[in-house]
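# Analysis of the macromolecular model
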Amino acid sequence: MSLYSLLDQKIIIPLAEKFKGRNLTGAVRFLSSTEWLSEQELYDLQSRKLRLLVEHCYNNVPYYKRVFDDLGITPDDIQSREDLSKIPILTKQIIKENFDDLISIDAESRQMFDGSTGGSTGIPMRFKEDVNSWNSLRALNFRGWSWAGFQLGEKLFTLAGNSLVKKNTKGRKWLEKNLYDRLIMRNEKHNCTDITPKALKGYYKAMMKYKPAALRGYASSLYFFAKYIEQNHLSICPIKAVFTTGEKLQPQYRYKIQQVFHAPVFDGYGASDGGVSAHECYMHEGLHIGEEHCIVEIVNNEGMVVPDGEIGHVVSTDLNNYVFPFLRYKVGDLAFIKSSLCSCGRKHRLLGEVIGREGRAIYNKQGRPFSSIVLDNMMFKDLDFHTEECQRLYERMEQFQIRQDKKGDLTILIKPVNPDEELSTFSYIIDNFQSFFPDSIVELRFVDSIPPLPSGKEDYCYSEYKGK
Ligand SMILES: [Zn+2]
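Residues numbered from 1 in each chain as written. Predicted model: local features only at pLDDT ≥ 70, side-chain atom pairs only at ≥ 80, totals over all residues.

### What about the overall build of the chain?
To keep it simple, the criterion reads: Numbering goes from the N terminus for both helices and strands, where a helix is a DSSP run of H or I of at least four residues and a strand is a run of E of at least two. We call a residue exposed when 12 or fewer other C-beta atoms sit within 10 Å of its C-beta, buried when the count reaches 20 or more, and partly exposed for counts in between; the C-beta positions come from the backbone. We call two residues in contact if the C-beta atoms placed from their backbones are at most 7 Å apart.
The number of helices and strands found in the chain is 13 helices and 19 strands. Evaluated residue by residue, the chain yields a buried proportion of 44% over its 468 residues. The contacts of the chain with a sequence gap of at least 6 include a subset with a gap of at least 24, amounting to 68%.

### Here's the deal with the sheet that holds strand β19 (residues 461-463)
We count it as follows: A pair of strands counts as paired when DSSP detects no fewer than two bridges linking them. Here an angle of 0 to 180 degrees is reported between the N-to-C directions of two axes, which are lines fitted to C-alpha atoms, with helices fitted over the stretch in contact.
Strand order in the open sheet made by the four strands is β18-β17-β16-β19, with mixed pairing throughout. The outermost strands of the open sheet, each flanked by one partner alone, are β18 (442-446) and β19. Direction aside, the axes of adjacent strands within the sheet are offset by 15 degrees on average. Bridge count between strand β16 (residues 397-404) and β19: three bridges; the pairing is parallel. The residue bridging Q404 from the neighbouring strand is S463, located in β19. The strands touched by helix α13 (residues 427-436) within the sheet are β17 (410-416) and β18, with β18 carrying the most contacts at an inclination of about 155 degrees.

### A short note on the pairing of strand β10 (residues 294-299)
Burial analysis of β10 places five of its six residues in the buried class, the great majority of the element. Two strands pair when backbone bridges link them, and β10 and strand β11 (residues 312-318) are joined in this way by six bridges, in the antiparallel orientation. Looking at β11, one finds that C294 is bridged to D318.

### Considering the packing of helix α2 (residues 24-34) against helix α6 (residues 131-146)
Threshold: These descriptions rest on fixed angle ranges, namely under 35 degrees for roughly parallel, over 145 for roughly antiparallel, 65 to 115 for roughly perpendicular, and the rest for oblique. Note: crossing handedness is left-handed where the near helix turns anticlockwise from the far helix by less than a right angle, and right-handed where it turns clockwise. The residue classification treats Ala, Val, Leu, Ile, Met, Phe, Trp, Tyr, Cys and Pro as nonpolar and Asp, Glu, Lys and Arg as charged. All others, Gly included, are polar.
Look at α2 against α6: their axes get within 8 Å of each other, and the N-to-C directions meet at 55 degrees. Classified by the angle their axes make, α2 and α6 are oblique. Note on packing geometry: the crossing formed by α2 with α6 is right-handed. Counting all contacts with α2, which are made through L24, A27, V28, L31 and S32, the residues of α6 involved are N135, S136, R138, A139, L140, F142 and R143. For the contact of α2 with α6, the per-class residue count stands at seven nonpolar, three polar and two charged.

### Let's talk about helix α3 (residues 39-60)
Which entries qualify depends on this criterion: The length a helix should cover is 1.5 Å for every residue beyond the first. Read the arc as the range of directions from the helix axis to the C-beta atoms.
An ideal rise of 1.5 Å per residue puts 32 Å on 22 residues; α3 measures up with 31 Å between its terminal C-alpha atoms. Taken as a whole, α3 has its buried residues at L50, L53, V54 and C57. One side of α3 carries all its buried residues, which in axial view fall inside an arc of 105 degrees. Along α3, exposed side chains directed more than 90 degrees from the buried face belong to Q40, E41 and R48. Those residues of α3 that are buried lie in contact with α4 (62-71), β10 and β11.

### Considering the nonpolar core
As a reminder, the rule being used: In these notes, a nonpolar core means any group of buried Ala, Val, Leu, Ile, Met, Phe, Trp, Tyr and Cys residues linked to one another through C-beta atoms within 7 Å.
Y64, V276, V314, A335 and L351 are the most contacted members of the largest nonpolar core, which has 47 residues in total. Among the elements that take part in this core, strand β12 (residues 329-337) stands out by supplying six residues, more than any other. When residues no more than four places from it in sequence are discounted, the contact partners of V276 are G270, A271, C294, V296, V314, S316 and V331. Listed in part, the 44 residues of the second largest apolar core include A27, L152, L164 and A219.

### Observations regarding the sheet that holds strand β8 (residues 276-280)
An order of β4-β3-β5-β6-β7-β8-β9-β13-β12-β11-β10 is seen for the 11 strands of this open sheet, with the pairing classed as mixed. The sheet is open, and its two edges are formed by β4 (187-191) and β10, each paired on a single side. Put simply, the sheet's adjacent strands are angled 35 degrees from each other on average, direction ignored. Direction of pairing for strand β5 (residues 214-218) relative to strand β6 (residues 241-245): parallel, over a ladder of five bridges. In the sheet register, G217 faces β6, and the bridge partner there is T244. Lying over the sheet, α6 contacts β5, β6, β7 (265-271), β8 and β11, oriented at roughly 10 degrees with respect to β8. Seen against the sheet, helix α9 (residues 219-231) touches β3 (156-160), β5 and β6 and runs at an angle of roughly 120 degrees to β5.

### Side note on the packing of α9 against helix α10 (residues 251-261)
Put simply, α9 and α10 touch, their axes get as near as 9 Å, and they point 45 degrees apart. One element, α9, and the other, α10, form an angle in the oblique class. The crossing of α9 and α10 is left-handed. Residues A219, S220, L222, Y223, A226, K227, I229 and E230 of α9 touch α10, and the partners they reach there are Y253, K256, I257, V260 and F261. Each residue belonging to the contact of α9 with α10 can be placed in one class, and the counts come to nine nonpolar, one polar and three charged.

### Describing the confidence of the model for the chain
Basically, it comes down to this: pLDDT measures the predictor's confidence residue by residue and takes values from 0 up to 100.
Here the chain averages 86 in pLDDT, and 88% of its residues register 70 or above. Of all secondary-structure elements in the chain, the lowest mean pLDDT belongs to strand β15 (residues 369-370), at 62, while strand β9 (residues 287-289) reaches the highest, 98.

### Quick word on the environment of E154
Residue placement: E154 occurs in the loop between α6 and β3. Along the primary structure E154 and A213 are separated by 59 residues, whereas in three dimensions their C-alpha atoms are 6.4 Å apart. Filtering out sequence-adjacent residues up to four positions away, E154 remains in contact with M1, S5, R186 and A213.

### Quick look at the environment of L7
As for its placement among the helices and strands, L7 is situated in helix α1 (residues 3-19). As for L7 and G153, which are separated by 146 residues in sequence, their C-alpha atoms are 7.8 Å apart.

### Focus: the pairing of β6
Here is the rule we go by: Looking down the strands as they point away from the viewer, one classifies a crossover as right-handed if the path from the first strand across the helix to the second runs clockwise.
Taking burial as the measure, the five residues of β6 include five buried ones, the bulk of the element. Across the two faces of β6 the burial is the same, with A241, F243 and T245 and V242 and T244 all buried. Here β6 runs beside β7; their pairing, made up of three bridges, is parallel. Its bridge partner lying in β7, V242 is registered against V265. Note on the crossover from β6 through α10 to β7: the handedness is right-handed.

And the structure:
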């Protein structure tokens, strides 16, 4: 570790975070103190935090007060994670319909941020993120990355879409954020919605100039990046580890990335909505759930918890978000919890494969793949949900699905919120898609309901065409 990295870790980051009213290093310290807790200690910690959160929800969050009263239950009925099944599942649709009632009445006295998710589960969503949840989620990343030998203060090079890297808009706010990421957090981020050879060449040049200790990004983006480097016989700088997230890490992706970067791949899974976070350790036996931060349940279609080893819907309770509490939030992914613990000795339960996050590349007729990240941009312009224009679009679309048949043609299905909506409102989507898929026929259609995919998965994109 360089002297600058050490200075950054010990002095610069703590000071900068304090200035911003956040406490990343405090959260990192807390998580290192709980890393080796026994199963019982972790369970007790979770239960304590859950009881406090539920009490807060009942007294301060109108939606939960109503739900608890309707069900005839009180906070005393929720003592530990086994009791959570008494509370109904929170879906994106419920959040959309009850947005204001989900904000805690004391929110103004707490520090919070605006959060949003893309359409990867078909329903884009806004929410509020509590600063404590934000600190904890970022600290969980650093704890997970430390299992790969990467330390806070070291250089990270990120190649991902909008959920991790905002598009390069201009303005003072963007400049501040960009400088903070680069100079303080030492994280050089590139929005890789474009994975053409020209763009990949640009990322490569930037990486070689930056010389990061580790890479991070969407699994498919890093895979295409590795393939580009291999096909062009390019040399690379020494890399300690590669952290994948945001998509299912296909075995062939892991293999190719490790082969090209001469570094092990550590998969991660997380969502700021619902606060779910899990990281792979050096044993690579599964993803350790950040149990200090979230309670993860795997449930069936009826909302009942399934036995370990059985696949079901990921449902998460964020123990640190008091501003906009997520109790039993259905994330939109399918996964299972392993019935055995990791041989590294840590007692955090392991998420097995997260099945719902397919690497959804869509191909044009020349066989060039486009990452699913591009699709979000096309559906919602620049996907910045805090712009008025994007908000208007978001309010009008209840759900959508992009389907590609064997010939590479595209059909975009939209279920509008208002049945009398004009199709022309969304004609920009056809223009966006045709700029990337010039030879494809792009059809836009309103539907009353979005048909399920052959796999039965909740997915907003389906392609039978796998390129040439
Ligand atoms: Zn482990």
